[in-house]
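Coordinates in review
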Amino acid sequence: MNTPCPICRSPGGHVLYAAEGLPVLQNRTYATLEEAQASPTGTLELVQCTGCGFAYNAQFDETRMTYDDAYQNEQGHSGAFRGHLDQVCDIVFAAAGAKRSFLEIGCGKGTFLGLLKKRGARVR
């Protein structure tokens, strides 16, 4: 492990867990069994920084990440998950009061933002 912490740049860290041969993208769909079996794999090296405590994959390589139409991480198709999102919308609206303008970072495909917007929120 020689990857510095992405938060504080500290060179030290403690390996919490390591595994090889894991799929690079767990939420990717493939047209055939052969494509799925040939999907790229990589190494996970979960490290906790001794400087700030942040945990990260020291082997992460963003050049291997492909977020295209075959990447599918949408959970909103599940009735149970939609119910959960509706409850979270209630909580967010109650906490926001009259301030109903939201910016969500890392929102995936925007399902939660869409629910907020349907309820009258301004979203960005």
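Structure first, text after, so check above.
Residues numbered from 1 in each chain as written. Predicted model: local features only at pLDDT ≥ 70, side-chain atom pairs only at ≥ 80, totals over all residues. Heavy atoms only, no water.

**Here's the deal with the overall build of the protein**
Within the protein, the regular secondary structure consists of three helices and five strands. Order of helices (α) and strands (β) in the protein, N terminus to C terminus: β-α-β-β-α-β-α-β. The C-alpha radius of gyration of the protein comes to 19 Å, more than 25% above the 14 Å expected for a compact globule of 124 residues. Overall, the C-alpha framework of the protein stretches about 50 × 45 × 25 Å when taken along its three principal axes. Of all 124 residues assigned to the protein, the portion counted as buried reaches 21%. Taking all contacts inside the protein whose residues are at least 6 apart in sequence as the whole, residues at least 24 apart take part in 55%. With an accessible surface of roughly 8,700 Å², the protein has 53% of that area assigned to carbon and sulfur atoms. (Helix = DSSP H or I, 4+ residues; strand = E, 2+ residues; numbered from the N terminus. Rg over C-alpha atoms; globule rule 2.2 N^0.38 Å. Buried < 20%, exposed > 50% of the residue type's maximum accessible area, 1.4 Å probe, protein only. Contact = heavy atoms within 4.5 Å. Areas by Shrake-Rupley, 256 points an atom, 1.4 Å probe, with all protein chains shown as cover.)

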